[in-house]
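Residue-level listing of the chains:
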Amino acid sequence: MKIALEQDIRKIDHTASKKYHVPSIVLMENSGIALAEEVQKQYHSPKQRIIIVVGMGNNGGDGMVCARHLFNQGKTVIVFLVGNTKKLSPDAALNYEMLKPLDIRMEAINEINGVKKMGKMIWPDDIVVDCLFGIGLKRDVDGVCEFVINEINQSQGYVIACDIPSGINASDGSVMKTAVRADKTVAICLPKVGNIMFPGADYNGELVVKRIGLSDKLIGEMGIPYQTISESDVRRIIPKRQMNSHKGTYGKASLIAGSFGMTGAAILAAKASLRSGIGLLKLVIPESLHTIITTNVPEVVTVPLMETRRGVFGINQVEKLIQNCKGSDVVAIGPGCGQNAEMIEVVRQLITQVDKPLVIDADGLNTLSKNVELLANRVNGIVITPHPGEMSRLTGLTIEAINQHPIDTATEFAVKWQIVVVLKGARTVVALPDGSVYVNLTGNPGMATAGSGDVLTGIITSLIAQGMTLANAAIAGVFLHGYSGDIMAVQRGEHGLIAGDLIEGITQAFNALLKQSI
Ligand SMILES: NC(=O)C1=CN([C@@H]2O[C@H](COP(=O)(O)OP(=O)(O)OC[C@H]3O[C@@H](n4cnc5c(N)ncnc54)[C@H](O)[C@@H]3O)[C@@H](O)[C@H]2O)[C@@H](O)CC1
Ligand SMILES: [K+]
């Protein structure tokens, strides 16, 4: 599903009225009715009152429409108007006029005492509808509005936010000083980036999206670049097995991984790759790891290369290593490789000389960050899979800045270097060279554990080997990785989840996805 920035919604509204002849007041009516429908679902007894807190913009206007409809259904509705009604937006002002002749109780809140009065009037069974701010929030919340939000949060009522919890920045998910913690959020037309990305996503409660009568055609014309990764899309694009096939059908990869002390990273990535369906995996490793690797993953073909005293590839092995990669459909480098001088040369040659898709992770990225300009001379497509720390080394940005703007960070890098960027996090972002972005919703905090990234590298590499485009492999890979984590978290609990479990989960994730397509 597409996810919108404030500017996308403004463009939708403009196009709806100018090209499709849908007046904004109609959209507000539809929004308010959609909101009322969701309020209705929480309404179980005539004892419940519906407290609607409205601001002076169109979010408040939606709230007033909602108030009118619920009142007309015979429900007890109290509207709190926060701000000066002379400053109501034109559509909200019209709805205010429609409310006035009705006998709805309306209270103006202009100072702190009014806020306290509101707080006392919310009873535990009540439904509180938050229509203070939507996508139009422009600066940190302060003064009376800050008190109103805090009072809503302290109430025991069931809180439903209109469009986005008030106080959350719709375009990036940041908290503008304080924000409503909702039990349910009714996103109008499309979910906003602030509904999907953290910390905003934590404030939604249940997220419901209502389309307010705008056509797919109109939304499709907007060229909205951001979207979530849907299960149905992944089901459609993942490689299917064919009866008449052999191991060559499912591709060959070279995985350069492991060093003394980091054997596990190579094993995890290799197993994940095999469990994701690859035909043949060559594991390029320092030779002392050979026995332990073949004992743990007998299914791989190993390419043991002479190593230095520190247990990493020797510089005289680089040529052999590069030659070995040339016969594969895809080359992955990084898990547990170490960051020595030899690796710098391996990464340089892979990027500039090997005409095969590349997946670069972990130490491959740490090495690349010493000379990012290499990407300008790449000879084939590249997927990078950094976590915020690795992204910080690649871009020079702070981890904090990256966490605040993961979509922007990933997109700028993807567009600048024309590569696929998989920026890992609680919401992993896949940014493509054309500026489009896919946000993954699967996964859980149990996956924040060592080795989890190695598994993702293995999955993506395997999918590319099986013929998927780099973009689709990255999109499907992050989805399957998170889905596997979700399946295994049920079995092991989030605390008990370890990276090896994710490999077990891949099988179940594929099965669950494919079964549903029958
Ligand atoms: N296509 C859509 O998605 C539609 C959206 N509508 C609604 O319209 C909303 C957007 O309406 P608006 O653009 O009027 O914006 P909002 O209603 O979100 O807020 C704007 C108002 O808040 C004030 N304001 C902003 N930041 C403030 C702060 N920090 N402290 C105090 N006051 C502040 C502004 O001065 C203005 O009065 C959406 O969120 C949605 O609820 C619908 O009415 C129509 C269709
Ligand atoms: K709101």
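What you are looking at is a predicted structure, and each value in this text was computed from that prediction instead of being measured.

Parameters at a glance
Residues numbered from 1 in each chain as written. Chains lettered and ligands numbered in written order. Predicted model: local features only at pLDDT ≥ 70, side-chain atom pairs only at ≥ 80, totals over all residues. Heavy atoms only, no water. Helix = DSSP H or I, 4+ residues; strand = E, 2+ residues; numbered from the N terminus. Buried < 20%, exposed > 50% of the residue type's maximum accessible area, 1.4 Å probe, protein only. Pairing = 2+ DSSP bridges. Axes fitted to C-alpha atoms, helices over the stretch in contact; angles between N-to-C directions. Contact = heavy atoms within 4.5 Å. Left-handed = near helix turned anticlockwise from the far one by under 90°. Nonpolar A, V, L, I, M, F, W, Y, C, P; charged D, E, K, R; others polar. Domains from an automatic or database assignment. Buried area = accessible area lost by both parts, 1.4 Å probe. Salt bridge = Lys/Arg side-chain N within 4 Å of Asp/Glu carboxyl O. Polar contact = N/O pair within 3.5 Å; in protein donor to acceptor, adjacent residues only side chain to side chain. Phe/Tyr/Trp six-rings, centres within 6.5 Å; stacked < 30°, edge-to-face > 60°. Lys NZ or Arg CZ within 6 Å of the ring centre and 35° of its normal.

(A) Region of the structure containing the environment of Pro298. Along the chain, the position of Pro298 falls in the loop between helix 11 (290-296) and strand 11 (301-305). Residue Pro298 is classed as exposed on the basis of its relative accessible area of 57%.

(B) Representation of the sheet that holds strand 5 (residues 158-162) within the structure. Read across the open sheet, the seven strands follow the order 3-2-1-4-5-6-7; overall the sheet is parallel. The strands lining the two open edges of the sheet, one partner per strand, are strand 3 (105-109) and strand 7 (206-210). When the angles between neighbouring strand axes are averaged without regard to direction, this sheet yields 20 degrees. Against the sheet, helix 2 (residues 24-41) touches strand 1 (49-54), strand 4 (127-131), strand 5, strand 6 (184-188) and strand 7, its axis set at about 160 degrees to strand 6. Against the sheet, helix 3 (residues 58-72) touches strand 1, strand 2 (76-82), strand 4, strand 5 and strand 6, its axis set at about 160 degrees to strand 1.

(C) Region of the structure containing the packing of helix 18 (residues 452-465) against helix 20 (residues 499-515). Where helix 18 contacts helix 20, the two axes come as close as 8 Å, and the packing angle between them is 35 degrees. In the packing of helix 18 onto helix 20, the handedness of the crossing is right-handed. Here Ser452, Val455, Ile459 and Leu463 of helix 18 lie close against helix 20, whose contacting residues are Ala499, Leu502, Ile503, Ile506 and Phe510. In the contact of helix 18 with helix 20, the residues fall into eight nonpolar, one polar and no charged.

(D) How the structure looks around the domain arrangement of the chain. Under the domain assignment, the chain is made up of domain 1 (6-224) and domain 2 (231-515). A separation of 43 Å is found between the C-alpha centroids of domain 1 and domain 2. Contacts between domain 1 and domain 2 engage six residues on the former and eight residues on the latter. Summed over both sides, the interface between domain 1 and domain 2 buries roughly 540 Å², with carbon and sulfur atoms accounting for 76% of that surface. When the buried area of domain 1 at its contact with domain 2 is split by residue, Ile196, Met197 and Phe198 rank highest and sum to 76% of it. Between domain 1 and domain 2 we count zero salt bridges in total. The tally of links between domain 1 and domain 2 comes to one residue pair in polar contact (both at pLDDT 80 or more). Taken together, the residues of the side of domain 1 that touches domain 2 break down into five nonpolar, no polar and one charged.

(E) Geometry of the packing of aromatic side chains. Scanning the entire structure with this criterion turns up two aromatic pairs. Centre to centre, the rings of Phe479 and Tyr483 are 5.6 Å apart; their planes meet at 65 degrees, and the pair counts as edge-to-face. Of this pair, Phe479 and Tyr483 both sit in helix 19 (residues 470-492), four residues apart, roughly one helical turn. In this structure, Arg49 is placed above the aromatic ring of Trp123, and the distance from its NZ or CZ to the ring centre is 3.5 Å. Positioned over the ring face of Tyr43 is Lys75, at 4.8 Å from the centre of the ring.

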